[in-house]
Every structure is written in structure tokens, then in C-alpha cells.
Amino acid sequence: MNIPEHLHYTAEHEWLHQDGEITVIGITDHAQGELGDVVYLELPEVGSEIVQGESFGVIESVKAASDLYAPISGEVTAVNGDLEAAPQRVNESPYDDGWLIEVRPSRFADEQDTLLDASAYRDLLA
């Protein structure tokens, strides 16, 4: 299972990467494997606010539909529009082409302590 060292993770199997003032969010390799073939995503609109721990969207696969939970709070600055026509990119490349949204964090300093590093995420899955 692929768990990149440079990312942060949540117990709900989302990952995030801080890139300057923007944070990129997606689901983990473990999550996409458990879901099976992703067939549809419902993601927030650019400009909307997400709140840590609350649902920001839905991911549907051939097996199930699941809520996506915000790993941090902030304003959505971009949505991966390529996933509308090709949701399978989440399965094929969960950490690259399959990213979901970009967010400008509003409380990252307060919320970062709730995130897991790669080692803690591995322990969670064990």
C-alpha cells in the first residue's frame, strides 16, 4: 500500500499536502482500494467554505457511497474538474491526478495537531 511520507492523513482516510498557502486534499490509496471502482464524485464549489471534520462531498463507487470529510477548515480554491469525466483517476492515481480539492486553510495552526503523519497512519491501518 502506498503511503507517501510527505503527506498528512486523517483517520477518515483523506490525505492533504500543504503547498504554500494552499492545501491539496484527496483520499488515500487505502480508501480507494476499499471503495473499489469510483464512478461519481460530488465536490464543493470553488469559493465555498469547508469545516474540519464535516462532510464536504460524496464519493460513489460500484460498492458504496461514502461522505468525504474535511481534514482542515478553509475556502475551496479549486476543484479537480477532470474527475467529472474521469472519476477512475481517483483509483489510478489517488495522490497525483486523483486529487479532489484545493483549500486555503483558515485555521491550520489550530487544526494541524489532529492530523496524522505517515507512520501514525500506517499504525491506524495495522
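Residues numbered from 1 in each chain as written. Predicted model: local features only at pLDDT ≥ 70, side-chain atom pairs only at ≥ 80, totals over all residues. Heavy atoms only, no water.

1. Remarks on the pattern of salt bridges
Overall, the coordinates contain 4 salt bridges when judged by the stated rule. Here Glu5 ties to Arg122 by a salt bridge, and the two come within 2.3 Å at their closest N and O atoms. Here the residue Glu5 occupies a position in the segment before strand S1 (8–9), and Arg122 occupies one in helix H5 (residues 118–125), the gap between them amounting to 117 residues. When its relative accessible area of 56% is taken as the criterion, Glu5 is described as exposed. The closest approach of N and O atoms between Arg104 and Glu75, which form a salt bridge, is 3.6 Å. Of this pair, Arg104 sits in strand S9 (residues 101–105) while Glu75 sits in strand S8 (residues 74–79), placing them 29 residues apart in sequence. (Salt bridge = Lys/Arg side-chain N within 4 Å of Asp/Glu carboxyl O. Helix = DSSP H or I, 4+ residues; strand = E, 2+ residues; numbered from the N terminus. Buried < 20%, exposed > 50% of the residue type's maximum accessible area, 1.4 Å probe, protein only.)

2. Points about the pairing of strand S3 (residues 22–27)
Of all 6 residues making up S3, 6 are buried, and the element is well covered by its neighbours. With burial as the criterion, each face of S3 is covered, one bearing Ile22, Val24 and Gly26 and the other bearing Thr23, Ile25 and Ile27. The sheet contact formed by strand S2 (residues 14–19) and S3 spans 6 bridges and is antiparallel. Pairing of Trp15 across the sheet is with Gly26, part of S3. The hairpin turn running from S2 into S3, its antiparallel successor, is 2 residues long, and Gly20 in that turn takes a positive phi close to 70°. (Pairing = 2+ DSSP bridges.)

3. Structural notes on the layout of surface pockets
Considering only enclosed or pocket space, the largest pocket measures out at about 200 Å³ in volume. Lining the largest pocket, in full, are Val39, Tyr40, Leu41, Glu42, Leu43, Val79, Asn80, Gly81, Leu83, Glu84 and Pro87. Elements with a minimum of two residues in the lining of the largest pocket: strand S4 (38–42) and helix H2 (82–85). Ranked by the residues each element gives to the lining of the largest pocket, the list is headed by S4, at 4 residues. Along the lines of polarity and charge, the residues of the lining of the largest pocket split into 7 nonpolar, 2 polar and 2 charged. If you go around the second largest pocket, you meet 13 residues; those closest to its centre are Glu12, His13, Ala31, Leu35 and Ser66. Looking at the lining of the second largest pocket, the elements with two or more residues in it are helix H1 (29–35) and strand S7 (65–69). Along the lines of polarity and charge, the residues of the lining of the second largest pocket split into 6 nonpolar, 3 polar and 4 charged. (1 Å grid on protein atoms, 1.4 Å probe; cavity = no way out; pocket = protein on both sides within 12 Å on 5 of 7 lines; lining within 4 Å. Points joined across faces, edges and corners; volume = space filled by probe spheres on them. Nonpolar A, V, L, I, M, F, W, Y, C, P; charged D, E, K, R; others polar.)

4. Brief notes about the sheet that holds S4
Strand order across the open sheet formed by 3 strands is S4-S6-S7, with antiparallel pairing between neighbours. The sheet terminates laterally at S4 and S7, the two strands that pair on one side only. Across this sheet, the average inter-strand angle for adjacent strands is 25°, counted without regard to direction. As judged from the 4 bridges shared by S4 and strand S6 (residues 55–61), these two strands associate in the antiparallel manner. Bridging across to S6, Leu41 finds its partner in Ile59. (Axes fitted to C-alpha atoms, helices over the stretch in contact; angles between N-to-C directions.)

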